[in-house]
Amino acid sequence: MSTTTDRIPVMVPFLGEREEKAVAEVVASGWIAQGPRVAQFEGAFAERVGAGHGVAVSSCTTALHLALVACGIGPDDEVIVPSFSFIATANAVRYVGAEPVFADVDEQTGNLTPETVRAVLGPRTRAIVLVHQGGVPADVRALRELAEPLDILLVEDAACAAGSTYRGAPVGADALVAAWSFHPRKLLTTGEGGMLTLDDADRAARLRRLREHGMSVSAADRHASTGPVLEQYLEVGFNFRMTDIQAAIGLIQLEKLDAMIARRRELAAHYHALLEDVPGVRAVRDPEYGQSNYQSFWVLLDPDFPGGRDGALARLAEGGISARRGIMASHLEPAYEKVEHVDLPVTERLTRDSLILPLFHTMTAAQQERVVAALLEPVASGA
Ligand SMILES: *Cc1c(COP(=O)(O)O)cnc(C)c1O
């Protein structure tokens with residue numbers, strides 16, 4: 001029996017006293033809803049990812065929803081998404097009344113490619129939501145070269161990819177619009193929370209209104225004004241606001257992002273060393289055109305790996321190690337079982353035979369060695 005002290009969690013948010021103090025300051029200020037901290041966090045985050053504007057929202061799910069609204073996607077439109085993603089990617093397409101069309105992914109990166117997208121293009125394709133899955137950057141330039149001549153919009157689901165790089169620049173740097181998550185399973189967390197980043201000032205202004213009931217004057221601006229301000233409701237909007245409490249945490253987390261990534265890359269390198277030359281196991285790596293923040297460190301097992309993926313998860317659980325099945329395939333879930341799709345063999349193989357290993361800032365090399373020993377037990381014992 002393992003005790004709670006030697007349990008190895010899959011992810012631990014890297015929070016500390018600075019975040020506590022920042023929250024206490026916001027509470028003491030008396031303004032806890034969306035206000036000055038949110039504005040400051042938007043500016044700082046946009047600058048970090050090389051975008052002109054940031055629009056903070058309540059989650060990446062609501063960010064994706066608003067991105068599609070602001071791109072004018074609606075009923076009769078088809079939006080290409082990877083099935084190989086957290087289900088929110090596909091759900092956002094449904095929220096605007098459009099049809100998600102599932103495309104397969106590349107086996108090395110877990111991301112869409114021009115080939116997998118081309119296989120599902122149709123006359124009603126209006127947009128593609130590409131995902132930088134698990135922090136591995138997608139080949140944005142290649143997808144853009146396919147999409148642009150066809151007037152297809154490219155929305156980036158960068159939920160996992162804060163601080164990942166693509167061809168030397170931060171992921172999101174020249175995105176039409178990118179959506180980010182600050183859920184505790186990602187690197188930079190605010191509890192719940194999300195962000196949109198983009199360069200277009202007009203679209204950013206519309207996104208700001210859409211997240212706040214379509215109001216012409218934000219609640220924060222109305223509060224700051226000395227005279228009476230009469231707002232108008234310019235279109236049907238939403239309440240997708242972030243709070244200043246969350247943004248205060250985000251500002252501290254953002255300062256730690258580079259250290260978090262450096263540590264994760266160090267830990268990933270140790271996993272790579274431990275798994276090198278092990279037959280039947282392949283670990284996720286950087287693509288040749290960019291660097292992952294290793295938000296998810298997943299390994300793919302050969303289909304005939306002894307005990308299979310589920311056996312590996314069971315061995316890890318027995319050893320007090322919290323791992324996860326690999327990234328899900330949305331088309332296999334009941335919510336999408338009626339959606340027609342092309343064959344998705346790579347998605348199905350990845351989701352069936354992969355698992356996510358623990359990786360968190362304070363993890364030790366000894367803990368990693370315990371994880372790998374449990375994973376490789378049947379091959380190490382020559383079974
Ligand atoms: C986590 C995640 C989301 C959803 O993020 P929330 O902030 O929890 O809404 C969307 N897309 C991908 C690829 C994710 O990993």
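Residues numbered from 1 in each chain as written. Predicted model: local features only at pLDDT ≥ 70, side-chain atom pairs only at ≥ 80, totals over all residues. Heavy atoms only, no water.

Draft legend 1. Summary view of the overall build of the protein chain. When its secondary structure is counted, the protein chain shows twelve helices and 14 strands. Across its three principal directions, the C-alpha atoms of the protein chain cover 80 × 55 × 40 Å. Buried positions account for 54% of the 383 residues belonging to the protein chain. Residue pairs at least 24 apart in sequence account for 73% of intrachain contacts in the protein chain once pairs closer than 6 positions are excluded. When the accessible area of the protein chain is evaluated, it comes to approximately 16200 Å², of which 53% is carbon and sulfur surface. Looking at charge distribution, the protein chain has the averaged site of its 35 positive side-chain charges lying 3 Å from that of its 50 negative ones. (Helix = DSSP H or I, 4+ residues; strand = E, 2+ residues; numbered from the N terminus. Buried < 20%, exposed > 50% of the residue type's maximum accessible area, 1.4 Å probe, protein only. Contact = heavy atoms within 4.5 Å. Areas by Shrake-Rupley, 256 points an atom, 1.4 Å probe, with all protein chains shown as cover. Lys, Arg positive; Asp, Glu negative; His and termini not counted. Charge placed at Lys NZ, Arg CZ, Asp CG, Glu CD.)

Draft legend 2. Examining the UniProt feature "modified residue: N6-(pyridoxal phosphate)lysine" (unreviewed entry) in the protein chain more closely. Under the local residue numbering, the UniProt record ascribes the feature "modified residue: N6-(pyridoxal phosphate)lysine" (unreviewed entry) to Lys186. Within the secondary structure, Lys186 is located in the loop between β8 (177-181) and β9 (194-198). Residues within four places of Lys186 in sequence aside, it is in contact with Met11, Ala159, Cys160, Ser181 and Gln295. (UniProt positions renumbered as here; feature names shortened; annotations may be inferred.)

Draft legend 3. Main features of the UniProt feature "active site" (unreviewed entry) in the protein chain. If you check UniProt for "active site" (unreviewed entry), the listed places come out as Lys186 in our numbering. Overall, the relative accessible area of 15% leaves Lys186 in the buried class.

Draft legend 4. A look at the domain arrangement of the protein chain. Under the domain assignment used here, the protein chain contains domain 1 (17-255) and domain 2 (257-381). Spacing between the C-alpha centres of domain 1 and domain 2 amounts to 26 Å. Counting residues at the interface gives 43 residues for domain 1, matched by 39 residues for domain 2. Taken together, both faces of the contact between domain 1 and domain 2 bury some 3400 Å²; the carbon and sulfur share is 58%. Its largest share of buried area at the contact with domain 2, domain 1 owes to Phe84, Phe102 and Leu187, together 21% of the area lost on that side. Asp258 is paired through a salt bridge with Arg48; the nearest N and O atoms lie 2.7 Å apart. Among the secondary structure elements, those contributing two or more residues to the side of domain 1 that touches domain 2 are α4 (88-95), β3 (99-103), β6 (165-166) and α9 (244-275). Grouping the constituent residues of the side of domain 1 that touches domain 2 by class yields 20 nonpolar, 13 polar and ten charged. (Domains from an automatic or database assignment. Buried area = accessible area lost by both parts, 1.4 Å probe. Salt bridge = Lys/Arg side-chain N within 4 Å of Asp/Glu carboxyl O. Nonpolar A, V, L, I, M, F, W, Y, C, P; charged D, E, K, R; others polar.)

Draft legend 5. How the structure looks around the sheet that holds β6. Strand order in this open sheet of three strands is β7-β6-β11, and the pairing throughout is antiparallel. Single-partner strands in this sheet number two, and they are β7 (169-170) and β11 (290-291). In this sheet, β7 lies alongside β6 in antiparallel orientation, the contact comprising two bridges. Residue pairing in the sheet places Thr165 in a bridge with Pro170 of β7. (Pairing = 2+ DSSP bridges.)

Draft legend 6. Looking closely at the site of the ligand. Near the ligand there are 15 residues, and of these Cys60, Thr61, Asp157, Ser181 and Lys186 occur at the shortest range. Within the contact set of the ligand, an oxygen atom lies 2.9 Å away from a backbone nitrogen or oxygen of Cys60. Only α3 (60-70) and α4 provide two or more residues apiece to the shell around the ligand. (Near = heavy atom within 4 Å. Polar contact = N/O pair within 3.5 Å; in protein donor to acceptor, adjacent residues only side chain to side chain.)

Draft legend 7. Spotlight on the side chain of Asp353. Along the chain, Asp353 turns up in helix α11 (residues 345-353). Look past the residues within four positions of Asp353 in its chain and what remains in contact with it is Val299, Leu300, Leu301, Pro303 and Arg309.

Draft legend 8. Examining the packing of helix α10 (residues 308-318) against helix α12 (residues 365-380) more closely. Between α10 and α12, whose axes approach to 9 Å, the crossing angle comes to 135°. Between α10 and α12, the angle is such that the two are oblique. The element α10 and its partner α12 pack so that their crossing is right-handed. Residues Ala312, Arg315 and Leu316 of α10 touch α12, and the partners they reach there are Val371, Ala374, Leu375, Glu377 and Pro378. (Axes fitted to C-alpha atoms, helices over the stretch in contact; angles between N-to-C directions. Parallel < 35°, antiparallel > 145°, perpendicular 65-115°, else oblique. Left-handed = near helix turned anticlockwise from the far one by under 90°.)

Draft legend 9. Seen up close, the pairing of β8. Of all five residues in β8, five are buried; the element is thus mostly enclosed. Burial of β8 is two-sided: the residues Val177, Ala179 and Ser181 facing one way and the residues Ala178 and Trp180 facing the other way are all buried.

Draft legend 10. View of α11. Looking only at α11, the buried set comprises Thr347, Arg349, Leu350, Thr351 and Asp353. Each element contacted by the buried residues of α11 is listed here: β3, β12 (297-301), α10 and β14 (354-357).

Draft legend 11. Seen up close, the packing of α9 against α12. The N-to-C vectors of α9 and α12 enclose an angle of 40°; their axes lie 10 Å apart at closest approach. Relative to α12, the element α9 lies oblique. Two packed elements cross with a definite hand, and for α9 against α12 that hand is right-handed. Every residue of α12 that contacts α9 at Leu267, His270, Tyr271, Leu274 and Leu275 is listed here: Ala365, Gln368, Glu369, Val371, Val372, Leu375 and Leu376. Here the residues of the contact of α9 with α12 are counted per class, giving nine nonpolar, two polar and one charged.

Draft legend 12. The arrangement of the pattern of salt bridges in detail. This model, assessed by the stated rule, comprises 19 salt bridges. Of the charged contacts in the structure, one is a salt bridge between Glu42 and Arg208, with a shortest N-O distance of 3.6 Å. Of this pair, Glu42 sits in helix α2 (residues 36-49) while Arg208 sits in helix α7 (residues 201-210), and the two are 166 residues apart along the sequence. A network of salt bridges, in which partner residues are shared, links Glu107, Arg349, Arg352 and Asp353.

Draft legend 13. Looking closely at unusual backbone geometry. Look at His213: it is not a glycine, yet its phi comes out positive at around 65°. Locating His213 in the fold gives a position in the loop between α7 and α8 (219-224). We classify His213 as partly exposed; its relative accessible area is 32%. The phi angle at Asp277 is positive, at roughly 65°, despite the residue not being glycine. Topologically, Asp277 is positioned in the loop between α9 and β10 (281-283). Asp277 sits in the exposed class, given a relative accessible area of 74%.

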